[in-house]
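Understanding the architecture of this molecule
Each chain is listed here by its residues.
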Amino acid sequence: MPDVRSMDRQGRQMDARDRLIVALYSQLKAERETRETLEWAIRNGAVSREVLEAIAADPVPVVTSEDIASVEKIIALDERRKPNRN
């Protein structure tokens, strides 16, 4: 299958896309765990009003400019590897 990416059998190296997928999955998992912990703390009265106000006032962006730059770099590198289809 020409469109299927494979790992280097000897070195078990993943390509840039696979590493990006793993990184995004890890980030999503961490965010979900943080949200679940925060929900538990709120239900059990373990978080003060001041802390909740601080969290609501300063949300962490899901995607940063560095993330976008990384994705753009991966796309550019991928475009260079494609054979010319003219």
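Further up the page is the structure itself.
What counts as what
- Residues numbered from 1 in each chain as written.
- Predicted model: local features only at pLDDT ≥ 70, side-chain atom pairs only at ≥ 80, totals over all residues.
- Heavy atoms only, no water.
- Salt bridge = Lys/Arg side-chain N within 4 Å of Asp/Glu carboxyl O.
- Helix = DSSP H or I, 4+ residues; strand = E, 2+ residues; numbered from the N terminus.
- Axes fitted to C-alpha atoms, helices over the stretch in contact; angles between N-to-C directions.
- Parallel < 35°, antiparallel > 145°, perpendicular 65-115°, else oblique.
- Left-handed = near helix turned anticlockwise from the far one by under 90°.
- Contact = heavy atoms within 4.5 Å.
- Nonpolar A, V, L, I, M, F, W, Y, C, P; charged D, E, K, R; others polar.
- Patch = residues over 30% accessible without salt bridge, like charges linked within 9 Å, V, L, I, M, F, W, Y side chains within 5 Å.
- Areas by Shrake-Rupley, 256 points an atom, 1.4 Å probe, with all protein chains shown as cover.
- Buried < 20%, exposed > 50% of the residue type's maximum accessible area, 1.4 Å probe, protein only.

1. Observations concerning the pattern of salt bridges
Counting across every chain of the model gives 1 salt bridge. A salt bridge links Glu53 to Arg49; its shortest N-O distance comes to 3.0 Å. Highlighted residues: Glu53 and Arg49, both in helix 2 (residues 49-57), separated by 4 residues, approximately one helical turn.

2. Some points on the packing of helix 1 (residues 16-43) against helix 3 (residues 65-81)
Put simply, helix 1 and helix 3 touch, their axes get as near as 10 Å, and they point 160 degrees apart. For the element pair helix 1 / helix 3, the angle class is roughly antiparallel. Crossing handedness for the pair helix 1 and helix 3: left-handed. Between helix 1 and helix 3, the residues in contact are Ala16, Arg17 and Leu20 and Val71, Ile74 and Asp78, respectively. When the residues that make up the contact of helix 1 with helix 3 are grouped by side-chain class, the tally is 4 nonpolar, no polar and 2 charged.

3. Digging into a nonpolar patch on the surface
Judged by side-chain polarity, Ile42, Val51, Leu52 and Ile55 come together as a nonpolar surface patch covering roughly 300 Å² of accessible area. In this fold, Leu52 is placed in helix 2. The exposure class assigned to Leu52 is partly exposed, which follows from its relative accessible area of 31%.

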